[in-house]
Amino acid sequence: VKSGSAPTRPRLVMGATSESAANGINVLSSLGGLGGLAKLAPAEGMLEECDSVLKRMDQLGEENGLTNTFAALWSHVVRAQLALRRGDAKAAHRIASKAIDTIGANNAHLTIALQIVDAQASGLLGDSRAASRMIVRASELGAYEARDQQPAIYRCLGTLFSDRLSQQLFLEQARRIW
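Each residue is numbered by its place in its chain's sequence as written, counting from 1. Under the rules for a predicted model, residues below a pLDDT of 70 receive no local features and side-chain atom pairs below 80 are neither given nor counted, while totals for whole chains, interfaces and linings still include all residues. Hydrogen atoms and water are omitted, and side-chain values are computed over all heavy atoms in the structure.

A word on the environment of Ala-119
A run of H or I in DSSP counts as a helix once it spans at least four residues, and a run of E counts as a strand once it spans at least two, with each numbered from the N terminus. Within the secondary structure, Ala-119 sits in helix α6 (residues 108-124). Residue classification places Ala-119 among the buried residues on the basis of a relative accessible area of 0%. Expressed as a C-alpha distance, the spacing of Ala-119 and Leu-157, which sit 38 residues apart in the sequence, is 8.7 Å. The classification of residues rests on relative accessible area computed with a 1.4 Å probe and restricted to protein chains. Under 20% of the type maximum is buried, over 50% is exposed, and intermediate values are partly exposed.

Shown next, in the form of structure tokens:
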């Protein structure tokens, strides 16, 4: 992969996916593709592109009555993570809390992901009690058994502790799992 070529790929995929949806080609598939792109964009440092993709997902979901699909629901996690990435813990907390209240415990895996983001946001806002409650709730739902959530929970724990040794231990555990 040439340096500088990666940022154009998500734009091309987004354009193709949006065009497919506009032409009536399986909107569910388009939402799924956009969901994957929304998760990829922040990892590539493409925060504005992620925001655009999430807005397009909202639009497609609302236009087609698909706001409760897997991709549409998981967009709440990505949106809250994006707010954290931008340094806006208040927005991340608001997004995650609202999604948890709306979704409830019907989807344990989704709820775990939202609780982990909410715990991290609460910790960054200085509310360690709320952060601890979210970690316990996520744990009760099986966060430590959910392999894809383990790095996130350890990373979250690493950000919540004030002493350097605990931070390093949890962050190193997250790195090992990834």
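Quick look at the confidence of the model for the protein chain
The quantity called pLDDT is the predictor's confidence in a given residue, expressed from 0 to 100. Taken residue by residue, the protein chain gives an average pLDDT of 82. The fraction at 70 or more is 84%. Looking over the protein chain, one finds the lowest element-wise mean pLDDT in helix α1 (residues 8-22), namely 49, and the highest in helix α5 (residues 89-103), namely 94. Residues count as neighbours in contact if any of their non-hydrogen atoms are within 4.5 Å of one another. Low pLDDT, under 50, characterises residues 1-13; the predicted model gives this stretch seven contacts beyond four residues in sequence or across chains.

A closer look at the environment of Gln-149
Here Gln-149 lies in the loop between α7 (128-140) and α8 (150-160). What makes Gln-149 buried here is its relative accessible area of 7%. Measuring from C-alpha to C-alpha, the distance between Gln-149 and Leu-110 comes to 9.9 Å, with 39 residues separating the pair along the chain.

Considering the layout of surface pockets
Using protein atoms alone on a 1 Å grid, points that fit a 1.4 Å probe yet trap it form a cavity, whereas open point sets bounded by protein on both sides within 12 Å along at least five of seven lines form a pocket; residues with an atom within 4 Å of a point count as lining. Grid points are joined across faces, edges and corners, and a volume is the space filled by probe spheres set on the points. In this structure, the largest pocket encloses a volume near 400 Å³. As for the largest pocket, its lining consists of 17 residues, of which Val-77, Gln-81, Asp-148, Gln-149 and Ala-152 are closest to the centre. When residues of the lining of the largest pocket are traced back to their parent elements, those giving at least two are α4 (70-85), α6 and α8. The element best represented in the lining of the largest pocket is α4, accounting for six residues. Of the residues in the lining of the largest pocket, the class split is ten nonpolar, four polar and three charged. By the convention adopted, Pro, Cys, Tyr, Trp, Phe, Met, Ile, Leu, Val and Ala count as nonpolar, Lys, Arg, Asp and Glu as charged, and the other residues, Gly among them, as polar.

Details of the pattern of salt bridges
For this analysis, a salt bridge means a side-chain nitrogen from Lys or Arg found within 4 Å of a carboxyl oxygen belonging to Asp or Glu. One pass over the full model with this rule turns up three salt bridges. Glu-48 is paired through a salt bridge with Arg-86; the nearest N and O atoms lie 3.1 Å apart. Taken as a pair, Glu-48 in helix α3 (residues 47-63) and Arg-86 in the loop between α4 and α5 lie far apart in primary sequence, 38 residues in all. Under the relative-accessibility criterion, Arg-86 is labelled partly exposed at 38%.

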